[in-house]
Amino acid sequence: VQLQASGGGLVQAGASLRLSCAASGGNFRSYAMAWFRQAPGKEREFVAFMHRYSGTPNYADAVKGRFAMSRDNAKNTVYLQMNSLNPEDTAVYYCAASATIIYSSRGNPTNYAYWGQGTQVTVSS
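Please read these numbers as outputs of a predicted model, since none were measured by experiment.

Caption draft 1: Spotlight on the sheet that holds strand E1 (residues 2-6). Read across the open sheet, the four strands follow the order E1-E3-E8-E7; overall the sheet is antiparallel. With one partner strand each, in any of the chains shown, E1 and strand E7 (67-72) form the two edges of the open sheet. Mean inter-strand twist for the sheet, computed between neighbouring axes without regard to direction, equals 15 degrees. Note: E7 against strand E8 (residues 77-82), six bridges, orientation antiparallel. Its bridge partner lying in E8, Ala68 is registered against Gln81.

If you want it as structure tokens, here you go:
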């Protein structure tokens, strides 16, 4: 499956952005999807996850209550609605997919076989 992320940009603190990740070339419904982010000089960090069998997203503590992940199987797309952005959210955001991941491994980026190219989110104070 190929993933294409989009929607990043430069915003001020408190603003909102919605990221999209369009999938092609595979059976989208068979993939668990996730969002990760990576700030300069830091490791790739788990942000959000949706299992292929469940519509209930799971979030990292740092974004819980501010970010919302959703998926539209008809459009082969996942979204990340980001509200109340702050400078600590500045990073390149990546979408990822796995056909085999188990829930307990959702936070480890090495467990995802497919990655989008990343989209830059910059939040100014």
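Still more to cover.
Caption draft 2: Representation of the pattern of salt bridges in the model. A full pass over the atoms with the stated rule returns four salt bridges. One salt bridge in this structure joins Arg37 and Glu45, with 2.8 Å as the shortest N-O distance. For Glu45, a relative accessible area of 34% puts it in the partly exposed group. Between Asp61 and Lys64 there is a salt bridge, and its shortest N-O distance comes to 3.1 Å. Judged by its relative accessible area of 66%, Asp61 falls in the exposed class.

Calculation rules
- Every chain's residues receive numbers from 1 upward, in the order its sequence appears when written.
- Since the coordinates come from a predicted model, pLDDT governs what is reported: local features require at least 70, and pairs of side-chain atoms require 80 or more to be given and counted, while whole-chain, interface and lining totals use all residues.
- The basis for the side-chain values is all heavy atoms of the structure; hydrogens and waters are excluded.
- In this analysis, strands are considered paired if DSSP registers two or more bridges between them.
- Segments assigned H or I by DSSP are reported as helices when at least four residues long, segments assigned E as strands when at least two residues long, and all are numbered from the N terminus.
- Here, axes are lines fitted to C-alpha atoms. For helices the fit covers the stretch in contact, and angles between N-to-C directions go from 0 to 180 degrees.
- Any carboxyl oxygen of Asp or Glu that lies within 4 Å of a side-chain nitrogen of Lys or Arg is treated as forming a salt bridge with it.
- For the exposure calls, accessible area comes from a 1.4 Å probe over protein chains only, and a residue counts as buried if that area is under 20% of its type's maximum, exposed if over 50%, partly exposed in between.

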